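Structure assessment
Each chain, letter by letter, is given below.
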Amino acid sequence: METWSASMVVIAERSAMLGNAAIFPEAFDAKEFNRMVPEKVDAFTRGMMGAARARDPIEAAENALAPVHSRVTANARRLRRR
């Protein structure tokens, strides 16, 4: 539930940033937009590597989601402070 909730915050914040940048190009935050794809690749790669080391399906699911959860909750905290 926490991952889902944090994801909604991140999507809403970044969508607002994109919309704002479309109207006001000077508001474009290259640092934020350049981190979106690489952070996903990193989190999902780490998750799949963790899942591959698991001994059972529950552990695999937990290992797969842990890096995603960590990244999305950190992003939500950071973006809320903006």
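Summarised in this report is the structure supplied together with it.

What follows deals with the overall build of the chain. The helix and strand inventory of the chain stands at three helices and zero strands. Going from N to C terminus, the chain has its helices and strands arranged as α-α-α. In terms of C-alpha radius of gyration, the chain reaches 15 Å, well past the compact-globule figure of 12 Å for 82 residues. Looking at the 82 residues of the chain, the share that counts as buried comes to 30%. Contacts in the chain between residues at least 24 apart in sequence constitute 60% of all its contacts with a sequence separation of at least 6. Accessible surface computed for the chain: about 5,700 Å², of which carbon and sulfur atoms make up 64%. Here the chain contributes 13 positive and 10 negative side-chain charges, whose respective centroids are spaced 4 Å apart.

Because an α-helix completes one turn every 3.6 residues, residues spaced three or four positions apart along the sequence face the same direction. Taking 1.5 Å of rise per residue, the 23 residues of helix 2 (residues 30-52) would be expected to cover 33 Å, and the 34 Å separating its terminal C-alpha atoms lies within 8% of that figure. By the largest-angle criterion, Met36 marks the main kink of helix 2, which is about 30°, and a proline, Pro38, follows within four residues. Among the residues making up helix 2, those that are buried are Glu32, Phe33, Met36, Glu39, Ala43, Gly47 and Gly50. Considering only its buried residues, helix 2 is in contact with helix 1 (2-23) and helix 3 (57-80).

Taking a probe equal in size to a water molecule and rolling it over the atoms shows the remaining empty space. For the largest pocket, the calculated volume is near 240 Å³. Surrounding the largest pocket, 14 residues form its lining, Val10, Arg14, Glu39, Lys40 and Val72 being those nearest its centre. Partitioned by chemical class, the residues of the lining of the largest pocket number seven nonpolar, three polar and four charged.

Calculation criteria
Residues numbered from 1 in each chain as written. Predicted model: local features only at pLDDT ≥ 70, side-chain atom pairs only at ≥ 80, totals over all residues. Heavy atoms only, no water. Helix = DSSP H or I, 4+ residues; strand = E, 2+ residues; numbered from the N terminus. Rg over C-alpha atoms; globule rule 2.2 N^0.38 Å. Buried < 20%, exposed > 50% of the residue type's maximum accessible area, 1.4 Å probe, protein only. Contact = heavy atoms within 4.5 Å. Areas by Shrake-Rupley, 256 points an atom, 1.4 Å probe, with all protein chains shown as cover. Lys, Arg positive; Asp, Glu negative; His and termini not counted. Charge placed at Lys NZ, Arg CZ, Asp CG, Glu CD. Expected span 1.5 Å × (residues − 1). Bend = angle between axes of the 7 residues up to and from the residue. 1 Å grid on protein atoms, 1.4 Å probe; cavity = no way out; pocket = protein on both sides within 12 Å on 5 of 7 lines; lining within 4 Å. Points joined across faces, edges and corners; volume = space filled by probe spheres on them. Nonpolar A, V, L, I, M, F, W, Y, C, P; charged D, E, K, R; others polar.

Any link to function would need more than the numbers given here.
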